[in-house]
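# Commentary on secondary and tertiary structure
Next come the chains, spelled out residue by residue.
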Amino acid sequence: MKRTFAFALTIFLCLGFLFGFGSKEELPTAIDPANPSPQDEDFLFSQRIVSLVPSVTETLFAIDAQDMIVARTDFCTWPPEVAAIPSVGGFDGKTISLERILSFKPDLVCLAEVMHNHLIQPLEDLGIEVFVSNAESVQHIQDEILMLGSFTGKMDDTMLLLDTISWQLEQARIQATEKATAESPDTVYWEVAAAPYFTPGKNSFITDLLAVIGLENIFAQVPQAYPQVSEESIIAGQPQVIFFPDYNHQGQQAVQTIARRAGWQTLPAVANGKIFPVDSDLFSRPGPRIGEMALQLVDLIYGLPPQLEGAP
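To start, this report covers the structure provided alongside it.

Among the secondary structure elements, Arg 72 is positioned in the loop between strand S2 (69–71) and helix H4 (98–102). One buried charged side chain, Arg 72, makes no salt bridge at all; its nearest oppositely charged neighbour is Asp 74, positioned 5.2 Å away. At a separation of 3.3 Å, a polar atom in the side chain of Arg 72 contacts the main-chain carbonyl oxygen of Cys 76. For Arg 72, the side chain forms a polar contact with the main-chain oxygen of Val 82, separated by 2.9 Å.

Rendered as structure tokens:
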């Protein structure tokens, strides 16, 4: 359980610029599939991939390119079959050595922006292609899936996956529209971590995903992807729904803890029992299950609210 918490929180902290990394620089990425150079054409069908990004590992499985993965990280845990693939170590770039990566003789290494920036130049100097993942929106997720499909030559499977994702997102949007009433909630506080409080901001795929189903993140205008916010600002935002990743699988116990926080009883989300735990692994990975995430959120919002037994 502690490991799950560490993984999900590390994803948000490091990929989401939680400590104020601010504006995103243009970093080296692998090939643009729309404009491959002659040199790039030989690489479009990669054979040996080291994936240091859980969402990328999921995508490679989802497009039937899993046989190309020669190594992963300890936190690449979905789907379960990934356990059979050797690991290079933890997700944090500081725990992964270049030598360990090179021992798998990769022709493509998939990295996470910020977390693994220090590996980009050494890999490129050795002639190894890199793909730098930084999906900040639903569209970015789909773009990255398309690029990975082009690298692996799995375009048929990739287009099928993208069609499925598009259908799921549209179904989620339609269901939310059909079920929404004048009294339906429309503002959300998404808690990534507490004490201190971190939440998705403008440049987070979570904020974009909420917008797909007609919900507004109360911190959507904060420019960072995952800013630190004050408890006072959360209360002032008066969210009608609270979502939080259930890192330790505490379920209703964690819901009760949030509902009993001093001063939070004034929040519509608490008063109306709209506090929902979500799968911490699923909702920390901007990958091929983005459509599934949207459908789950709609079910939570418009299903029966949980009972806050004993809540004030």
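So that's the structure; there's more coming.
Moving on, we come to the sheet that holds strand S1 (residues 49–51). Here we have 4 strands laid out as an open sheet, ordered S2-S1-S3-S4, and parallel in their pairing. Of all the strands in the sheet, just S2 and strand S4 (129–133) have a single pairing partner and so form its edges. Direction aside, neighbouring strands of the sheet carry axes that sit 30° apart on average. With 5 bridges joining them, strand S3 (residues 108–112) and S4 adopt parallel strand pairing. Note that in S4 the partner of Ala 112 across the bridge is Ser 133. The strands touched by helix H3 (residues 54–62) within the sheet are S1, S2, S3 and S4, with S1 carrying the most contacts at an inclination of about 135°.

Across the interface, H3 lies against helix H6 (residues 138–152) with an axial gap of 10 Å and an inter-helix angle of 60°. The angle between H3 and H6 falls in the class oblique. You can see that H3 and H6 cross each other, and the crossing is right-handed. Residues Val 56, Thr 59 and Leu 60 of H3 pack against Ile 145, Leu 148 and Thr 152 of H6. Split by residue class, the contact of H3 with H6 holds 4 nonpolar, 2 polar and no charged.

Each value, and the rule that gives it
Residues numbered from 1 in each chain as written. Predicted model: local features only at pLDDT ≥ 70, side-chain atom pairs only at ≥ 80, totals over all residues. Heavy atoms only, no water. Helix = DSSP H or I, 4+ residues; strand = E, 2+ residues; numbered from the N terminus. Buried < 20%, exposed > 50% of the residue type's maximum accessible area, 1.4 Å probe, protein only. Lys, Arg positive; Asp, Glu negative; His and termini not counted. Salt bridge = Lys/Arg side-chain N within 4 Å of Asp/Glu carboxyl O. Polar contact = N/O pair within 3.5 Å; in protein donor to acceptor, adjacent residues only side chain to side chain. Pairing = 2+ DSSP bridges. Axes fitted to C-alpha atoms, helices over the stretch in contact; angles between N-to-C directions. Contact = heavy atoms within 4.5 Å. Parallel < 35°, antiparallel > 145°, perpendicular 65-115°, else oblique. Left-handed = near helix turned anticlockwise from the far one by under 90°. Nonpolar A, V, L, I, M, F, W, Y, C, P; charged D, E, K, R; others polar.

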